[in-house]
Structure formats: C-alpha cells, structure tokens
Amino acid sequence: MSADPATVAAARQILAHLGVTVADLESDAGVLVSVPTVAEYLPRVIAAAGPGARRTYGTYWERMAAAWGDWPLDRVAASDVEAMKQQMIATARSRRNSRNGRHAGEHVIAAARAFYSRAVADGLIDASASPAHRVAKPRRLPSPRRALTPYELEEINAVVRSSGNDVVLDALMLRLHTESACRRGGALALRLVDLDATNGLVRLAEKGTVRWQPVSLDLAEHLHDHARVRGAVLPTDGLLRYRNGQPISSRRYDHLWKRIGERLPWVAAQGISTHWLRHTTLTWVERHFGYGVARAYAGQTDSPGSSTTTYIKADLHAVAGALSAMTGQPHPFVTARETSHGPATGTLP
C-alpha cells in the first residue's frame, strides 16, 4: 500500500527544513545497527597503527578492551575515559623518571583519542561523539632533564668502563649517544647497512624520520668491528650486539642505568637516563654553533616552529663541523679551513 502523496510531500518539506535527506536517514540507521564493540574494533585499530603507537598505546588499548570490551563504541562516555585516567594515575608503577602517574594519565587520553580518531575516520561515529576528545589531557610538566656537566659525564663514563659484564658494548653505546645525540630507539634500530664507516655516518631512523648523522671515524670503525666480530653479516643485521651474537634490546639500557645509579647515587636520585646525553650534546652544539646547527644535529629540521626556522637550516657539513669540534677529531665532511675557523673552543669529554 503506497503512502498518501500529500503526506510524503509534507514529510519531505519537513526534512528539507531540517537539512536532512532520506539518504542521511538510511545512512544513520545503518551506522546504528553496525557499530562494533570496543573489543571487536580494537584489532582494526592495532592493524592500522604504526609500531610506535602500538608500543606506546598497546597497554592502554588492552585496558580499554578489558573494561569496555562488550560495549558498542558509542556507549563509552567521557566519564568512563576520565575514570580510567584516574585509575591509571593511582596505580602507575613508580619508576626513576615517573611523575606521580602523570605520564600514565596522559597516555590513557592519548590512546583513547587515537582509538576514537580511527573510528571517526572509518565513519563509525561522528567526530562530536568521541568521548576521548571531551576529556582534557593533564598539563605536561616541564622536563627535569638538563645537560650534564663535563665532570658528571666523565664520572658516568668511568663507571661504564669499569663495571658490568660487557664493558665494550656499554662504552660503545654511551659514545654513540654522546656523539650522535641519537635517541634510544634510533640506536636500537641501527643495522649493518646503516653504517658508512668510510664517511663517518650512521643512518638514524627515529620518531618517524630517517637521516644520516655524522660520527667520528674512530667510532665508526669501532662500530663496524664490533658488529662483525659479534656475528653481523647481512645488511639488515643489528649493529649493537651482545657477546652471544644477538642484537641488544631496550633492556640493556635499563640494566645499564640501574648499574650506574647503584654506583653513582646522584644518577639514581635525579633519574638520569640515555636521553640526558642527547640534552648534553645538543646544548653544547647550540652554545658553540648556534640554534640552526643544533636543530639540524637533533634531526629536527622539518619540525614545525617559528617561521624564522625556514631561514636558519644547517646542512650535513655544518653538523659534521660541530661534531669535529666537539670530539677534537677530523671528519671527511669538514675541510681543514672549516676546522681551523670553527667557533668551538673546547671539546666534550
């Protein structure tokens, strides 16, 4: 039985007044029926996430699935996300660099936002319906990290060279981070193919970027010998390796700084870690060579910032010049004239 034409016309007029079409109604009805649960949708989120996001947010996504697994995506409320944030803050494990659970609270919100941003992109919910985006992130506190003094750096290196079950590996790790200012993830990702020992370069893949970073020829040679002696053969074999030939993992860093902290109480008290070496090197470079070179040294030439940064980019040769001045060793990318006229007046231990 067909509807009365006058009734249909009246309904269309009302829909037009509301700015809604019949297709919109059909689409919305389909969405309401097909909205998956949190547990059902999570595998799609994980599959679409990069390795960094999976590593950072994986634990929190699992918590979300455990707490709200049977709930449709649109049933989770902002108060549920807020409650999980408070729970994670209260139960966060105390670490050397912990901030009373503040980082855990930040990560809960970031993980939930990443989860719901994917649901919005897939058209499962409207952007305005995301509960995660209606919860404020905790304000990030200033970082306690700073540049180490030459004396502090020398003390740390002395402990590394005189303790532990693999002095060669640990000393090489600290020297790599001090010369290149690389992040821990960048060092762990290094492969044999990422080392150019002839030109004193390592290819760093970190924070979603890839760049060639100058290192001294002496360090490059030691890295090459270390990798070959410990079984690196294929181009894709890891560069830093244990004595048994296996590539190192992040646990090596954890054990390293735990041992240093046991012998140097001030290291444990201040929560000093590998990232402090990055601060140390980049601070030295900025003081002696300026902001542009320090920014390039850090691998941040393409990061957003003031429009002035467009005009103060430094190239690989400038970074190599800063490295050469800091280590007191020549580099293939630095000419004799550049070395003799460099602005630096001292070297980093």
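Since this is a predicted model, take the numbers as computed values, not measurements.

**Quick word on the nonpolar core**
Okay, step 1: I156, L176, L223, L240, W257 and I260 are the most contacted members of the largest nonpolar core, which totals 35 residues.
Okay, step 2: Elements with a contribution of two residues or more to this core: helix 7 (150–162), helix 8 (167–180), strand 2 (201–206), helix 10 (217–229), helix 11 (250–263) and helix 13 (274–289).
Okay, step 3: No other element matches the 5 residues that helix 8 contributes to this core.
Okay, step 4: Membership of the second largest hydrophobic core comes to 30 residues, among which are V45, Y60, M64 and W68.

**Some details on the confidence of the model for the chain**
Okay, step 1: Of the residues in the chain, 83% reach a pLDDT of 70 or more, and the chain-wide mean stands at 86.
Okay, step 2: For residues 29–33, every residue scores under 50 in pLDDT, and the model assigns this stretch 2 contacts once sequence neighbours within four places are set aside.
Okay, step 3: Across residues 339–347, confidence stays below pLDDT 50; counting only partners more than four residues off in sequence or on other chains, it has 17 contacts.

**Comments concerning helix 7**
Okay, step 1: If you check helix 7, its first and last C-alpha atoms are 18 Å apart, about what 13 residues at 1.5 Å a residue would give, namely 18 Å.
Okay, step 2: Listed as buried for helix 7 are E152, L153, I156, N157, V159 and V160. What you see down the axis of helix 7 is that its buried residues fit within an arc of 160 degrees, all on one side. With respect to the buried face of helix 7, the exposed residues turned more than 90 degrees away are P150, Y151 and S162.
Okay, step 3: On its buried side, helix 7 packs onto helix 8, helix 11, helix 12 (265–270) and helix 13.
Okay, step 4: In the stretch just after helix 7, G164 is the one whose phi turns positive, near 95 degrees.

**Re the pattern of salt bridges**
Okay, step 1: For the structure on display, the rule yields 17 salt bridges.
Okay, step 2: The partner of R175 in a salt bridge is D218, and the shortest N-O contact between them spans 2.8 Å. With R175 in helix 8 and D218 in helix 10, this residue pair connects regions lying 43 residues apart in the sequence.
Okay, step 3: When the shortest N-O distance is used, the salt bridge between D194 and R191 registers 3.0 Å.
Okay, step 4: On the basis of relative accessible area, D194 is assigned to the buried category, the value being 3%.

**Notes on the sheet that holds strand 2**
Okay, step 1: Spatially, 3 strands are ordered 1-2-3 in an open sheet, and the strand pairing comes out antiparallel. A strand with exactly one partner marks an edge of an open sheet, and here the two such strands are strand 1 (195–196) and strand 3 (209–214).
Okay, step 2: Bridge count for strand 2 against strand 3 is 6 bridges, and the pairing is antiparallel. When the bridges of strand 3 are listed, L204 appears paired with R211.

**With respect to the packing of helix 8 against helix 11**
The geometry of a pair of packed helices is captured by two quantities: the angle between their axes and the separation between those axes.
Okay, step 1: The interhelical angle for the contact between helix 8 and helix 11, taken along N-to-C directions, is 95 degrees, at an axis separation of 12 Å. Considering the angle they form, helix 8 stands roughly perpendicular to helix 11. Contacts from L169, D170, M173, L174 and H177 in helix 8 reach R252, Y253, L256 and R259 in helix 11.

**Details of the packing of helix 13 against helix 15 (residues 316–327)**
Okay, step 1: Helix 15 packs onto helix 13 with a crossing angle of 105 degrees between their chain directions and a minimal axis gap of 11 Å. Relative to helix 15, the element helix 13 is oriented roughly perpendicular. When helix 13 is examined against helix 15, the residues T281, W284, V285 and F289 are found in contact with a partner set consisting of G321, A322, A325 and M326.
Okay, step 2: A class-by-class count of the residues in the contact of helix 13 with helix 15 yields 6 nonpolar, 2 polar and no charged.

Parameters and conventions
Residues numbered from 1 in each chain as written. Predicted model: local features only at pLDDT ≥ 70, side-chain atom pairs only at ≥ 80, totals over all residues. Heavy atoms only, no water. Core = buried A, V, L, I, M, F, W, Y, C linked by side-chain atoms within 4.5 Å. Buried < 20%, exposed > 50% of the residue type's maximum accessible area, 1.4 Å probe, protein only. Helix = DSSP H or I, 4+ residues; strand = E, 2+ residues; numbered from the N terminus. pLDDT = per-residue confidence, 0-100. Contact = heavy atoms within 4.5 Å. Expected span 1.5 Å × (residues − 1). Arc of directions from axis to C-beta. Salt bridge = Lys/Arg side-chain N within 4 Å of Asp/Glu carboxyl O. Pairing = 2+ DSSP bridges. Axes fitted to C-alpha atoms, helices over the stretch in contact; angles between N-to-C directions. Parallel < 35°, antiparallel > 145°, perpendicular 65-115°, else oblique. Nonpolar A, V, L, I, M, F, W, Y, C, P; charged D, E, K, R; others polar.

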